[in-house]
Amino acid sequence: MGIGLPNFSKHDDNMKYTKLVDLLLAICENHDCHFIVQAPFDKNLLLKHAGDKVDVKNVHHFTEGVETWFQFMHQLDFVVSTRIHGGMAGIVNGIPSIIIPTDLRILELINAMKLPYLSFEDVMAKNFESLQAVMGATKKDFIDFEQNRLNRLREYKSMLESVGLKMDPLLLDIINK
């Protein structure tokens, strides 16, 4: 399982960071988890907070580009991410994903794309102790998600055709299924 860690800076609320990371650590107790960080200091914060709960070999920071990151993602069977890019990396690679939006920008993107998510408010209010509990509380409608995706692809196709461009055949296959 892949875990996309929250962004954290010295200006953030340390209690919220702690609660969120504790949730991520709790759902990893019975799973082989890989933590994906987007900044080097995220790794140090995680290791300091988690102590011996996280093996340093399972903390990854991809700096060589998206290809290396996506290649790594193919070994995962599930993704829980607090960042939009982490959740989308899972979805783009066909890996079931749940996103925990930590700000309004992420929530707006989730709503626009109809992505599965667990609200930040639920994370703060409840004590989830397992991946099963997180999945049960996740807001999801896969029929709505798929219909929204098809509608966006059709709009994209129309936009491309209006300027004489052709859509990627793999995307056309999705529309024509």
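Parameters at a glance
- Residues numbered from 1 in each chain as written.
- Predicted model: local features only at pLDDT ≥ 70, side-chain atom pairs only at ≥ 80, totals over all residues.
- Heavy atoms only, no water.
- Helix = DSSP H or I, 4+ residues; strand = E, 2+ residues; numbered from the N terminus.
- Rg over C-alpha atoms; globule rule 2.2 N^0.38 Å.
- Buried < 20%, exposed > 50% of the residue type's maximum accessible area, 1.4 Å probe, protein only.
- Contact = heavy atoms within 4.5 Å.
- Areas by Shrake-Rupley, 256 points an atom, 1.4 Å probe, with all protein chains shown as cover.
- Lys, Arg positive; Asp, Glu negative; His and termini not counted.
- Charge placed at Lys NZ, Arg CZ, Asp CG, Glu CD.
- Salt bridge = Lys/Arg side-chain N within 4 Å of Asp/Glu carboxyl O.
- Disulfide = S-S within 2.5 Å.
- Pairing = 2+ DSSP bridges.
- Axes fitted to C-alpha atoms, helices over the stretch in contact; angles between N-to-C directions.
- Core = buried A, V, L, I, M, F, W, Y, C linked by side-chain atoms within 4.5 Å.

On to the overall build of the chain. When helices and strands are tallied, the chain shows nine helices and five strands. Whereas a compact globule of 177 residues would reach a radius of gyration of roughly 16 Å, the chain reaches 18 Å, a difference of no more than 12%. Each of the three principal axes of the chain carries a C-alpha extent, and together these read 55 × 35 × 30 Å. By residue count, 41% of the 177 residues in the chain fall in the buried class. Sequence-distant contacts in the chain: of pairs separated by 6 or more residues, those separated by 24 or more amount to 51%. Put simply, the chain shows about 10500 Å² of open surface, and 54% of that area lies on carbon and sulfur atoms. Averaging the coordinates of the 19 positive side-chain charges in the chain and doing the same for the 23 negative ones gives two points 3 Å apart.

Right, let's get into the side chain of N58. Mapped onto the elements of the fold, N58 is located in the loop between α2 (40-50) and β3 (59-61). If we skip the residues at most four places from it in the chain, N58 touches D32, C33, H34 and F35.

If you walk through the whole model with that rule in mind, you get eight salt bridges. Across the salt bridge formed by D122 and K126, the nearest N and O atoms sit 3.9 Å from each other. A relative accessible area of 16% means that D122 is categorised as buried. Residues participating in the shared-partner salt-bridge network are D122, K126 and K139.

Okay, the state of the cysteines next. Applying the stated criterion across every chain yields a total of one disulfide. Here C28 is linked by a disulfide to C33, with a sulfur-sulfur distance of 2.2 Å. Disulfide C28-C33: torsion about the S-S bond near -100°, hence left-handed. Each member of the pair, C28 together with C33, is buried.

As a further point, take unusual backbone geometry. Phi at K114 is positive, roughly 60°, even though this residue is not glycine. Following the sequence through the fold, K114 ends up in the loop between α5 (104-113) and α6 (120-125). Taking relative accessible area as the criterion, K114 reaches 36% and is therefore assigned partly exposed.

Here we take up the sheet that holds strand β2 (residues 34-37). Read from one edge to the other, the open sheet built from five strands follows the order β3-β2-β1-β4-β5, with strand pairing classed as parallel. The two strands at the open ends of the sheet, each matched to only one other strand, are β3 and β5 (97-99). Neighbour-to-neighbour, the strand axes of this sheet turn through a mean angle of 20°, independent of strand direction.

Once that is clear, we can look at the nonpolar core. The biggest cluster of nonpolar side chains holds 29 residues, and the ones touching the most others in it are I3, L23, F35, L46, V80, I100 and L118. For this core, the elements supplying multiple residues, two or more each, are α1 (14-28), β2, α2, α6 and α7 (131-137). Among the elements that take part in this core, α1 stands out by supplying eight residues, more than any other. Residues within four places of I100 in sequence aside, it is in contact with L20, L23, L24, V80, S81, T82, L118, F120 and V123. Counting residues in each nonpolar core, the second largest holds eight residues, with I36, L76, V79 and A89 among its members.

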